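Residues per chain, in single letters:
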Amino acid sequence: MYGISYLAQRRISSSEEFLLAGRRLPLSLAWMTLLATWFGAGTLLAVSDEVRATGIRAAALDPLGAGCCLLFVAAFVAAPIWRMKISTVPDFFRIKYGRQAELISACILVPSYFGWIAAQFTALAAVLHLYWQIPVSYGLPLVAILGTGYTLMGGMWSVTWTDAVQVTLLLIGLVVLAAVVLWELGSGSWSGGLERIISGTPAEKLVLLPTENLRELLGWLDLFMIGALGNVAGQDLMQRVFASNSPRTASWACGIAGTSYLAFGSIPVFLAIASAHLLPNHASDSILPMLVQMCFHPAVAIIFMLALLSAILSTIDSAILSPASILTMNFVRSNDAQRLLSWNRLAVVGVSLCSLVVAYAGENAYKLLEESYAVTLVGLLVPLLFGLWVTRPSSVAGITSMIVGSGVWLQHYLCGWSYFLEAWLAEWHMPVAMMATLLAAIAYIVVALSSRQTAAG
């Protein structure tokens, strides 16, 4: 991967090359880098461990929500936002709502990536501990150094090229692993293995949409909404849309990546359920690496684990590059190409360090993943969609929506409340992210209508 990054480095002559690959990504690379960016520790490790513990309902956030997010962007967002010829998501908010909205959106977006990057650091450090007994406290900075290193070298070009190699190896390995697991469970019969999983798994663990009570249903819908809509305004996704060579490429790349994500993302979910039969006494953590160790010849297991580790690193470098581009393009804003390129690389290091601090805070990877998606959902989704679909969006309404949505969510997060207004309405079990997004939409509509009435008067 470092060799590929070194080759990519020779193509970097400007900030646009570093951040957007010169806006020249063809469809073949664009959809693969989208898939690889999201197909990381969340899907492969955090979600599979959560599914093992609670059942397939845990797939609401990832891969189900994340895959639907890509399909939504393909249908409604990619082409119109590509035509704006912008470099970052805050650029969109500056054009639609003004400089103040640009800064607010940047302040929402940049910290939201720390949790996502920290989730990758945490999951990969856990794998290093499992296989080589490297303490997690040492594994975290090791992972951070590796991921930051080849992000610094080639920017978007290195990210894209390494993504294509990594995701190809990983998907082949996942398909083979699923086939081997089915064969083992069925004692030489794939259909027998599938029948054993279906008949031997508790029924409640095979329920995707829980309907036994309103609390469970609302919680599932909240997770799905966070996954499906939370990253629509994400810089990592939009950076690949902006880097595509045409609006058609941008839309098709999101569509192909979304479909592939749902298909291949179901494999770790299946493996998590199957692991209860092959490893009944194993704890619900690092379950995928344990299956690899159990089912593959040591030589094959090494190749697969290297593909897994490099795929997680591909998510890390993409996630680091996204907030770094915002810090450079929306705060520094220099016309000197070389100075801007230097600031880009400095921002990459800064983002990595902040994410490392979050990783040391100790929250589990699944929770970090959920929170990172929720921040952009509550603060940016509503003004982004209104900005795209309304002819003359209201600047005051857009800013108000950002403040209301992110403010409500932050207040609940700091108070440690799991439900909306938990101190008074706990028995209603209303999800925080869902209610914060609804309040953001109401705030936008009310302020926009008030502004029009004032202007008319």
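A brief structural summary. These figures come from a predicted structure and were not determined experimentally.

### Here we look at empty space enclosed by the protein
Regions of empty space are outlined by a rolling probe, equal in size to a water molecule, passed over the atoms.
Inference 1: One pass over the full model with this rule turns up one cavity of 30 Å³ or more.
Inference 2: Empty space within the largest cavity amounts to approximately 50 Å³.
Inference 3: Together, Ser-112, Tyr-113, Trp-116, Asn-231, Asp-236, Ser-372, Tyr-373 and Thr-376 line the largest cavity.
Inference 4: Elements supplying a minimum of two residues to the lining of the largest cavity: helix 8 (99-132) and helix 17 (365-389).
Inference 5: Along the lines of polarity and charge, the residues of the lining of the largest cavity split into three nonpolar, four polar and one charged.

### Side note on the nonpolar core
Inference 1: Membership of the largest hydrophobic core comes to 149 residues, with the highest contact counts inside it found for Ile-81 and Leu-271.
Inference 2: Among the elements that line this core, the one with the most residues is helix 8, at 18 residues.
Inference 3: Setting aside residues up to four positions removed in sequence, Ile-81 forms contacts with Ile-86, Phe-92, Met-238, Val-241, Phe-242, Leu-384 and Leu-388.

### Quick look at the side chain of Ser-105
Inference 1: Structurally, Ser-105 is set in helix 8.
Inference 2: Take Ser-105: its relative accessible area is 0%, and that puts it in the buried class.
Inference 3: Residues contacting Ser-105, with those up to four places away along its chain left out, are Pro-90, Phe-93, Leu-380 and Met-402.

### Things to note about unusual backbone geometry
Among all residues save glycine, negative phi is the norm, and among peptide bonds the norm is trans.
Inference 1: A cis amide bond, omega 15°, links Asp-62 with the succeeding residue Pro-63.
Inference 2: Looking at where Pro-63 falls in the secondary structure, it is placed in helix 5 (residues 61-76).
Inference 3: Its identity is not glycine, yet Gln-133 carries a phi of approximately 55°, on the positive side.
Inference 4: Locating Gln-133 in the fold gives a position in the loop between helix 8 and helix 9 (136-185).

### Some thoughts on the packing of helix 3 (residues 27-38) against helix 12 (residues 235-243)
Inference 1: Axis separation between helix 3 and helix 12 bottoms out at 10 Å; the angle between their running directions is 170°. With respect to their mutual orientation, helix 3 and helix 12 come out roughly antiparallel. Judged by residue contacts, Thr-33, Leu-34, Thr-37 and Trp-38 of helix 3 engage Asp-236, Leu-237 and Arg-240 from helix 12.
Inference 2: Its residues assigned to classes, the contact of helix 3 with helix 12 comprises three nonpolar, two polar and two charged.

Procedures and definitions
Counting restarts for each chain: residues are numbered from 1 in the order of the written sequence. Only residues with pLDDT of at least 70 get local features here, since the model is predicted, and only at 80 or more are side-chain atom pairs given and counted; chain-wide, interface and lining totals rely on the full set of residues. Where side-chain values are given, they derive from all heavy atoms of the structure, hydrogens and water being excluded. Buriedness of a pocket was judged along seven lines, with at least five required to meet protein on both sides within 12 Å; pockets are open sets of points on a 1 Å grid over the protein atoms alone, cavities are sets where a 1.4 Å probe fits but cannot get out, and lining residues have an atom within 4 Å of a point. Grid points are joined across faces, edges and corners, and a volume is the space filled by probe spheres set on the points. Only DSSP runs of H or I reaching four residues or more are called helices, and only runs of E reaching two or more are called strands; each is numbered from the N terminus. Any residue outside Ala, Val, Leu, Ile, Met, Phe, Trp, Tyr, Cys, Pro, Asp, Glu, Lys and Arg is labelled polar, Gly included; the first ten of those are nonpolar and the last four are charged. Joining through side-chain atoms within 4.5 Å is the link that ties buried Ala, Val, Leu, Ile, Met, Phe, Trp, Tyr and Cys residues into a set, and such a set is a nonpolar core. Working definition: with a 1.4 Å probe on protein chains only, accessible area under 20% of the residue-type maximum means buried, over 50% means exposed, and in between means partly exposed. Any pair of residues with heavy atoms lying within 4.5 Å of one another is described as a contacting pair. Here an axis means a line fitted to C-alpha atoms, over the contact stretch when the element is a helix, while the angle between two N-to-C directions is reported on a 0 to 180 degree scale. Reported orientations rely on four angle classes, namely roughly parallel under 35 degrees, roughly antiparallel over 145, roughly perpendicular from 65 to 115, and oblique for the rest.

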